[in-house]
Amino acid sequence: MSNNYRIDNLQYCNWSREIFQINREAKLDAVHVTIVYHEDYDELLLEIKKWQKLAENNSDLIFLANNSTDIEKAKKLNKTAVFFGFQNCSPIEDDISLVEKVHQLGCRFMQLTYNNQSLLATGCYERNDSGVTNFGREVIREMNRVGIVIDMSHSAEKSSLDAIEFSEKPIAITHANPSFWHPAKRNKSNDLLKVLNDSNGMLGLSLYPHHLHNNSKCTLESFCEMVAKTAEIMDVKNIGIGSDLCLNQPDKVVEWMRNGTWTKTKNYGEGSKNKPGFPEQPNWFKDARGFDNIENGLKKIGFSEEDVNGILGNNWYNFYKKI
């Protein structure tokens, strides 16, 4: 059996047996799934119950995972290991004791903030970035202790730099692209990526159209060229895939992601009034089976087989071993 792994380190799909089958067809050994956006702790418990039922009903395809050895187990069993992540810190509310509790429930990645200011840090949509807060510093210390990865995918720049500085363990930006390629608010500057790299943090490159050059019309060639240029800024061993795939989700879900319960006015995020819903995926990455296209594209542009295998999963596997 090959020791190479395929890992998609961020998906937020409308989960069903069909999607689990697609991920198996794509040979995904592990997937980090978003289970909450704006939900509090009690609402998180309901989501956990849903996932326990999903795992029970699809036990031939998936299982709920906790660490890197579960990735090895998944490969041996021809299943996909499912890791939980939060796209906001809302489940820990204002109680630091809940950090350990959400870890016990299976959380392995948590963003310090979504697009807005949180109790921990500043989101990328705020006008002023005040950085990581006092509570944020304490939560980072506690996340390091229990084994939850700090994720700064939706955070503003100073907050991200603060998180890297304050964390004793490498952090992750699980789903974003470099802003030199496409200047989305969610994409990251060269300066930030260099600091992330120097701290041995990981970048998961996103396939969400709002993060891509030419959006849904982005070509595979352009994406792979971006990966090559990113590898000039960062060590290739710190680069992976975090597709941010939102397969089969109704548009009401993207409204929840952008608006939560915090606003009465309509927020369109990186969409617009004319294009308020989920954007169409590029034709070479309609679902996780697009990993094959990325593999071929990276080889065509000149990446070695070792580096390609790293980007498609081995680098994330090595990062998981450090959690």
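In what follows, the structure referred to is the one given above.
This structure is a prediction, so every number in the text was calculated from the model and none was measured.

Attention now goes to a negative patch on the surface. A contiguous patch of negative charge on the surface is contributed by D42, E43, E93, D94 and D95. As for its position among the elements, D94 is in the loop between β4 (80–86) and α4 (97–104). Judged by relative accessible area, which is 63%, D94 ranks as exposed.

Another aspect to go through is the packing of aromatic side chains. Counted by the stated rule, this structure contains 13 aromatic pairs. Between F83 and Y320 the ring centres are 4.7 Å apart and the planes differ by 70°, which places this aromatic pair in the edge-to-face class. In this pair, F83 is assigned in strand β4 and Y320 in helix α11 (residues 305–320), connecting sequence segments 237 residues apart. Chaining the aromatic ring pairs together yields one cluster made of W15, F20, W51 and F84. It is R137 that lies over the ring of F166; its NZ or CZ is 3.9 Å from the centre.

Once that is clear, we can look at the pattern of salt bridges. Under the counting rule described, the total for this entry stands at 14 salt bridges. Taking the shortest distance from any N to any O, the salt bridge between R289 and E25 comes out at 3.3 Å. Separated by 264 residues along the polypeptide, R289 in the loop between α9 (251–259) and α10 (291–301) and E25 in helix α1 (residues 17–25) bring together distant segments of the chain. The exposure class assigned to R289 is partly exposed, which follows from its relative accessible area of 34%. The salt bridge partner of E142 is R145, with a shortest N-O separation of 2.8 Å. Residue E142 and its partner R145 are both found in helix α5 (residues 134–146); the two are separated by 3 residues, about one turn of the helix. For E142, a relative accessible area of 17% gives the class buried.

To continue, consider the side chain of H103. With respect to the secondary-structure elements, H103 resides in helix α4. Not counting residues within four places of it along the chain, the set of residues in contact with H103 comprises R108, V146, G147 and I148.

Right, let's get into the side chain of S155. Inspection of the secondary structure puts S155 in the loop between β6 (149–151) and α6 (157–166). The class of S155 is buried, set by a relative accessible area of 3%. In this structure, S155 is in contact with T113, T122, G123, C124, S160 and K188, ignoring residues within four places of it in sequence.

Attention now moves to the state of the cysteines. The final tally for this structure, using the stated rule, is 0 disulfides. No disulfide involves C89; its nearest neighbouring cysteine sulfur is the one of C107, lying 11 Å away. We classify C89 as buried; its relative accessible area is 5%. No disulfide involves C246; its sulfur sits 6.8 Å from the nearest other cysteine sulfur, which is in C13.

Structurally, C124 is set in the loop between β5 (107–111) and α5. Residues C124 and M152 lie 28 residues apart in sequence; the distance between their C-alpha atoms is 9.7 Å. With residues up to four places along the chain from it excluded, the contact list for C124 reads Y114, N115, H154, S155, A156, K185 and R186.

This part covers the pairing of strand β2 (residues 30–36). Across a regular strand the side chains alternate sides, sitting on one face of the sheet and then on the other. Among the 7 residues of β2, 7 are classified as buried, and the element is accordingly described as predominantly covered. Assessed by its sense of winding, the connection that carries the chain from strand β1 (residues 7–11) through α1 to β2 is right-handed. Note that β2 and β4 share 6 bridges and pair parallel. Paired with V33 across the bridge in β4 is F84.

Rules used throughout
- Residues numbered from 1 in each chain as written.
- Predicted model: local features only at pLDDT ≥ 70, side-chain atom pairs only at ≥ 80, totals over all residues.
- Heavy atoms only, no water.
- Patch = residues over 30% accessible without salt bridge, like charges linked within 9 Å, V, L, I, M, F, W, Y side chains within 5 Å.
- Areas by Shrake-Rupley, 256 points an atom, 1.4 Å probe, with all protein chains shown as cover.
- Salt bridge = Lys/Arg side-chain N within 4 Å of Asp/Glu carboxyl O.
- Lys, Arg positive; Asp, Glu negative; His and termini not counted.
- Charge placed at Lys NZ, Arg CZ, Asp CG, Glu CD.
- Helix = DSSP H or I, 4+ residues; strand = E, 2+ residues; numbered from the N terminus.
- Buried < 20%, exposed > 50% of the residue type's maximum accessible area, 1.4 Å probe, protein only.
- Phe/Tyr/Trp six-rings, centres within 6.5 Å; stacked < 30°, edge-to-face > 60°.
- Lys NZ or Arg CZ within 6 Å of the ring centre and 35° of its normal.
- Contact = heavy atoms within 4.5 Å.
- Disulfide = S-S within 2.5 Å.
- Right-handed = clockwise from strand over helix to strand, strands pointing away.
- Pairing = 2+ DSSP bridges.

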